[in-house]
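# Tertiary structure, described
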Amino acid sequence: MLSKDKMQRINELSRKSKQTELSKDEKIEQKKLREEYLQVFRKSFVQDLHGVTFVDPNGNDVTPEKLKRSKDNKNNLKH
């Protein structure tokens, strides 16, 4: 999870960008923070997805093979 300070800074820069033009340094900072946020989000999403099993109405496991392989090899996270 991204720190509270970083989340606040992302929001500050977003609000400021809606009111005025960000400086070059602020744009670079914003881009870096957004990339870090997306990295954390994607990792969390994949971890959540590994906890999911798809079951059809008959009770059969119909989890896609790609997800099963990913669960088996959790070090294979590309996100």
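The notes below deal with the structure included here. Nothing here was measured: the structure is a model prediction, and the numbers come from that model.

## Examining the packing of helix H1 (residues 4–19) against helix H2 (residues 24–50)
- In contact at an axis separation of 10 Å, H1 and H2 are set at 130 degrees when each is read in the N-to-C sense. Relative to H2, H1 is oriented oblique. Seen from above, H1 lies across H2 with left-handed handedness. Residues Lys6, Met7, Arg9, Ile10, Leu13, Ser14, Lys16 and Ser17 of H1 form the contact with H2, whose participating residues are Glu26, Glu29, Gln30, Leu33, Glu36 and Tyr37.

## Topic: the nonpolar core
- Residues Leu2, Ile10, Leu13, Leu22 and Leu33 constitute the largest nonpolar core, which totals five residues.
- Discounting chain neighbours no more than four positions away, the residues touching Ile10 are Leu2, Leu33 and Tyr37.

## A short note on the side chain of Glu26
- Looking at where Glu26 falls in the secondary structure, it is placed in helix H2.
- Of note is the side chain of Glu26, whose polar atom sits 2.9 Å from the backbone nitrogen of Ser23.
- Setting aside residues up to four positions removed in sequence, Glu26 forms contacts with Arg9, Leu13 and Lys16.

## Topic: the packing of aromatic side chains
- Within the structure shown, the criterion is met by two aromatic pairs.
- Ring centres 6.4 Å apart and planes at 25 degrees place the aromatic pair Tyr37 and Phe41 in the stacked group. Of this pair, Tyr37 and Phe41 are both found in helix H2, four residues apart, which corresponds to roughly one turn of the helix.
- Here Tyr37 falls in the partly exposed class, since its relative accessible area comes to 35%.
- With a relative accessible area of 47%, Phe41 lands in the partly exposed category.
- Three or more aromatic residues joined by ring pairs form one cluster here, namely Tyr37, Phe41 and Phe45.

Rules and cut-offs
Residues numbered from 1 in each chain as written. Predicted model: local features only at pLDDT ≥ 70, side-chain atom pairs only at ≥ 80, totals over all residues. Heavy atoms only, no water. Axes fitted to C-alpha atoms, helices over the stretch in contact; angles between N-to-C directions. Helix = DSSP H or I, 4+ residues; strand = E, 2+ residues; numbered from the N terminus. Parallel < 35°, antiparallel > 145°, perpendicular 65-115°, else oblique. Left-handed = near helix turned anticlockwise from the far one by under 90°. Contact = heavy atoms within 4.5 Å. Core = buried A, V, L, I, M, F, W, Y, C linked by side-chain atoms within 4.5 Å. Buried < 20%, exposed > 50% of the residue type's maximum accessible area, 1.4 Å probe, protein only. Polar contact = N/O pair within 3.5 Å; in protein donor to acceptor, adjacent residues only side chain to side chain. Phe/Tyr/Trp six-rings, centres within 6.5 Å; stacked < 30°, edge-to-face > 60°.

Interpretation in functional terms is not warranted from these geometric data alone.
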